Amino acid sequence: MLSEPQVAGPSTVLMRKAYARWAPVYDVVYDKLTEPAARAAVEAASLHGSRILEAGVGTGLALGYYPPGSFVCGVDLSEDMLKRARGKVRRRGFSHVRGLQVMDVCHLGYADESFDAVVAQFLITLVPDPEAALSEFLRVVRPGGGIVLANHFGQDDGPLARVEEIVAPLCTKIGWSSDFKASRIEAWARRNGVEVQGLKPTFPGGFFKILRMRKAG
Ligand SMILES: C[S@@+](CC[C@H](N)C(=O)[O-])C[C@H]1O[C@@H](n2cnc3c(N)ncnc32)[C@H](O)[C@@H]1O
């Protein structure tokens, strides 16, 4: 099922450096903040079946939310983040986690239709070519399977959209994206015959959203 992982390229080197710095403090900063979105994303993905790919799994904050009997693989560019995910799997005895690999989500080393769903939490806005990542998700999901994203998505228009655009350069510096819009992903979905099933606001105050999509078939 797995072929040689690919992780080269200048932007991937920068990303790995950034997350080498984040890894020791990541859980302290993000665990409680992202828990409701992570639980909602896992629940939405698990409706499609038990074989799940966590793209950009990071330190594995969401791994404990999968139902018993799941078969979860996780990939991430950052070995430092994955080390922490592996530690959780070991300490908490997560037997449903079947592999944690260094891999670029734009070049997945999995065969076509390997998974019932792909979950990407707080990832897609960090990828330089998000459409390439989405196309890889589509390739490795079975027909009728799901692609579930959890993220902050910027407003399409109005005063808040303007604020998000103004603070975007600052957000980029701290590894966030304020102005990436869900409509960009919805446009990709339309072009690729993928059904958008919903965009649901979640904690805190609707700031994070769950975008659910379904591959035709
Ligand atoms: C904000 S963290 C989110 C981690 C995890 N999904 C969570 O919700 O806690 C983003 C993660 O995406 C990973 N990442 C960024 N670009 C990636 C890429 N092209 N391929 C694989 N992982 C990537 C980073 O290394 C980092 O671990």
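Above this text is the structure in question.
This one's a predicted model, so the numbers in the text were calculated from it and none came from an experiment.

## Notes on the pairing of strand 7 (residues 208–214)
The buried count for strand 7 comes to five of seven residues, which makes it a mostly enclosed element. In the sheet, strand 6 (residues 195–202) pairs with strand 7 via seven bridges, with the strands oriented antiparallel. Opposite Leu199, over in strand 7, you have Leu211 as the bridge partner. What sits between the antiparallel neighbours strand 6 and strand 7 is a turn of five residues, in which Gly205 has the positive phi angle 60 degrees.

## What about the site of the ligand?
Near the ligand, the surroundings consist of 18 residues, among which Gly56, Asp76, Asp104, Val105 and Gln121 are the closest. Interatomic distance of 3.2 Å between a backbone N/O atom of Leu77 and a nitrogen atom of the ligand. Between Asp104 and the ligand, the recorded distance is 2.9 Å, taken from a side-chain N or O atom to a nitrogen atom. At a threshold of 2 Å from the grid points, most atoms of the ligand map onto the largest pocket. Considering only residue class, the shell around the ligand consists of 12 nonpolar, four polar and two charged.

Definitions and limits used
- Residues numbered from 1 in each chain as written.
- Predicted model: local features only at pLDDT ≥ 70, side-chain atom pairs only at ≥ 80, totals over all residues.
- Heavy atoms only, no water.
- Buried < 20%, exposed > 50% of the residue type's maximum accessible area, 1.4 Å probe, protein only.
- Helix = DSSP H or I, 4+ residues; strand = E, 2+ residues; numbered from the N terminus.
- Pairing = 2+ DSSP bridges.
- Near = heavy atom within 4 Å.
- Polar contact = N/O pair within 3.5 Å; in protein donor to acceptor, adjacent residues only side chain to side chain.
- 1 Å grid on protein atoms, 1.4 Å probe; cavity = no way out; pocket = protein on both sides within 12 Å on 5 of 7 lines; lining within 4 Å.
- Sits in = over half its atoms within 2 Å of the grid points.
- Nonpolar A, V, L, I, M, F, W, Y, C, P; charged D, E, K, R; others polar.

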